[in-house]
Amino acid sequence: MSARLIDGKAFAARLRERVAAAVPDFVATMDRVPGLAVVLVGDDPASQIYVRSKHKATVEAGMASFEHRLPETTSQEELVALVERLNDDESVDAILVQLPLPAGIDDKAVIDTIDPDKDVDGFHVINAGRLAVGEDGLVSCTPLGCLMLLKDQLGDLSGLEAVVVGRSNIVGKPMAQLLLRENCTVTLAHSRTRNLAEVVGRGDILVVAVGQPELVKADWIKPGATVIDVGMNRQSGEDGKTRLLGDVAFAEAKEVAGAITPVPGGVGPMTIAVLLRNTLVAAQLRAGMPPPAGL
Ligand code: NDP
């Protein structure tokens, strides 16, 4: 039996349309457009591409995009000073500092300078804490996108066994918290987990975010499980072309899972769509308006 393919690209396109459709309400009430500031330090090629895509998507959704490109030689103090200016700028509702930052700059010190109400990536310790204690706040885009796909597939997640592999602050941990909030029974696995195959086999829901190409094998997966593959691993093929591989051995896993995200075209497109959603939500909350319904 072949699994249902979870089309993250199509879901993300619909979410972007819903965000764009909700922007005019904000504009009518506040007489300005929601604004996202993106800060890029240095010239990492992958980061340049991400920042360009974020800019284009923000403008297409009818929101303002403020790009700040700083040289590799920027000091931590200069970067912190820019973030503080953006915190005070009323036209900026959301701030994203593109990671990784050049060596010598402390990511955490910079992220913790962002006003938590403008922390569109949800990486600030206040937003991580809000998520952990079940308060509303801005939630990291990739895990929130994964949750949206899961709810779209499964509806109510209550009582399901969920296994998350990977415990990073940006994907694994917030993913586990989100699933707990949905009343799943959550197991969070990592590189020190014993019998990973057996642990993975418990999951009605399986989310994998480790950064190891095709680590999770088909015979680890519970038959019928819903599998979300966050991994994005670039590998050169024999033909010299670069391929994108997930953390799950997709070709075999799709014969066992009930539903599965492909790589590419699964989780990847969700991240920017949720970034736009979070920008609008941050703008609404800062303006004292209720968060837009259906987002
Ligand atoms: P990190 O490197 O920060 O974390 C990886 C996690 O995987 C760690 O918790 C680590 O465990 C765990 N891990 C590593 N090897 C194993 C193993 N053999 N068995 C079990 N657990 C293991 O990665 P990220 O969370 O940032 O990213 C994970 C993947 O997701 C990457 O491929 C990344 O490119 C992708 N990604 C995709 C996004 C998107 O689609 N938009 C966004 C963000 C990430 P330990 O803590 O013990 O070291």
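Residues numbered from 1 in each chain as written. Predicted model: local features only at pLDDT ≥ 70, side-chain atom pairs only at ≥ 80, totals over all residues. Heavy atoms only, no water.

Novice: An account of the environment of L70 is needed here, citing residue identities and associated values.
Specialist: Along the polypeptide, L70 turns up in strand β3 (residues 64–70). Here L70 falls in the partly exposed class, since its relative accessible area comes to 22%. Residues L70 and V41 lie 29 residues apart in sequence; the distance between their C-alpha atoms is 4.7 Å. Setting aside its immediate chain neighbours within four residues, L70 contacts V39, L40, V41, G42, L79 and L82. (Helix = DSSP H or I, 4+ residues; strand = E, 2+ residues; numbered from the N terminus. Buried < 20%, exposed > 50% of the residue type's maximum accessible area, 1.4 Å probe, protein only. Contact = heavy atoms within 4.5 Å.)

Novice: Outline helix α1 (residues 8–30), supporting the account with residue identities and numerical values.
Specialist: Taking 1.5 Å of rise per residue, the 23 residues of α1 would be expected to cover 33 Å, and the 32 Å separating its terminal C-alpha atoms lies within 8% of that figure. What α1 keeps buried is the set G8, F11, A12, L15, V19, A22, V23 and F26. At its buried positions, α1 is contacted by α6 (141–154) and α10 (268–286). Where α1 starts, the residue carrying a side-chain oxygen 3.2 Å from the main-chain nitrogen of K9 turns out to be D7. (Expected span 1.5 Å × (residues − 1). Polar contact = N/O pair within 3.5 Å; in protein donor to acceptor, adjacent residues only side chain to side chain.)

Novice: Describe the site of the ligand, with residues and values.
Specialist: Taken together, 22 residues form the shell around the ligand, and within it R167, S168, S191, M232 and T271 come nearest. The separation between an oxygen atom of the ligand and a polar side-chain atom of S191 is 2.5 Å. V230 has a polar backbone atom sitting 3.5 Å from an oxygen atom of the ligand. (Near = heavy atom within 4 Å.)

Novice: Tell me about the environment of Q153, residues and numbers included.
Specialist: Structurally, Q153 is set in helix α6. Note: C-alpha distance between Q153 and R4 (149 residues apart in sequence) is 9.6 Å. If near-sequence neighbours (up to four positions away) are discounted, Q153 is found in contact with R4, I6 and A259.

Novice: Can you explain helix α2 (residues 45–60)? Please cite residues and give values.
Specialist: The terminal C-alpha atoms of α2 lie 23 Å apart, and with 16 residues this matches the ideal 22 Å at 1.5 Å per residue to within 8%. Considered for burial, the residues of α2 that qualify are S47, Q48, V51, K54, A57 and T58. In this fold, the buried residues of α2 make contact with α1, β2 (35–41), β3, β4 (94–97) and α10. A positive phi of about 85° marks G62, the residue just after α2.

Novice: Give a detailed account of the pattern of salt bridges, specifying residues and quantitative values.
Specialist: Should their charged atoms come close, side chains of opposite charge can pair. Counting across every chain of the model gives 12 salt bridges. For D112, the salt bridge identified is with K108, shortest N-O distance 2.5 Å. In this structure D112 comes out as partly exposed when scored by relative accessible area, which is 28%. Here R130 makes a salt bridge to D117, at a shortest N to O gap of 3.5 Å. Placement of R130 in helix α5 (residues 125–133) and of D117 in the loop between α4 (107–111) and α5 is noted, with a sequence separation of 13 residues between them. (Salt bridge = Lys/Arg side-chain N within 4 Å of Asp/Glu carboxyl O.)

Novice: So what about the nonpolar core? Which residues, and what values?
Specialist: With 53 residues, the main nonpolar core has L179, V207 and I228 as its most contacted residues. With eight residues, α10 is the single largest residue contributor to this core. Once residues within four sequence positions are removed from consideration, I228 is found in contact with I6, C146, L149, L150, L206, V207, V208, T261 and V267. Within the second largest apolar cluster, 18 residues are counted, among which are V165, A189, V200 and A225. (Core = buried A, V, L, I, M, F, W, Y, C linked by side-chain atoms within 4.5 Å.)

Novice: Explain the environment of C141 to me, and be specific about the residues and the numbers.
Specialist: Its location among the elements puts C141 in helix α6. A relative accessible area of 3% means that C141 is categorised as buried. Measuring from C-alpha to C-alpha, the distance between C141 and E67 comes to 19 Å, with 74 residues separating the pair along the chain. In this view, C141 contacts V120, D121, T271, V274, L275 and N278; residues no more than four positions away in its chain are not counted.

Novice: Can you break down the sheet that holds strand β1 (residues 4–5) residue by residue, with the values?
Specialist: If you trace the six strands from one edge of the open sheet to the other, you get β1-β11-β8-β7-β5-β6, paired in parallel fashion. Each end of this open sheet is capped by a strand with a single partner; those strands are β1 and β6 (185–189). Here strand β5 (residues 161–165) pairs with β6 via five bridges, running parallel. Looking at the pairing, V164 lines up with L188 of β6. Along the sheet face, α6 touches β1, β7 (205–208), β8 (226–229) and β11 (259–260) and points at about 160° away from the line of β8. (Pairing = 2+ DSSP bridges. Axes fitted to C-alpha atoms, helices over the stretch in contact; angles between N-to-C directions.)

Novice: Break down the packing of α2 against α10 for me, citing the residues and quoting the values.
Specialist: Angle between the axes and distance between the axes: these two values describe a pair of packed helices. In the contact formed by α2 and α10, the axes pass within 10 Å of each other and the chain directions differ by 50°. Here α2 is positioned oblique relative to α10, judged by the angle of their axes. For the crossing formed where α2 meets α10, the hand is right-handed. Note on element contacts: α10 touches α2 through I272, L275 and L276, opposite S53, K54, A57 and T58. Partitioned by chemical class, the residues of the contact of α2 with α10 number four nonpolar, two polar and one charged. (Parallel < 35°, antiparallel > 145°, perpendicular 65-115°, else oblique. Left-handed = near helix turned anticlockwise from the far one by under 90°. Nonpolar A, V, L, I, M, F, W, Y, C, P; charged D, E, K, R; others polar.)

In short, shape yes, function no, at least from these values alone.
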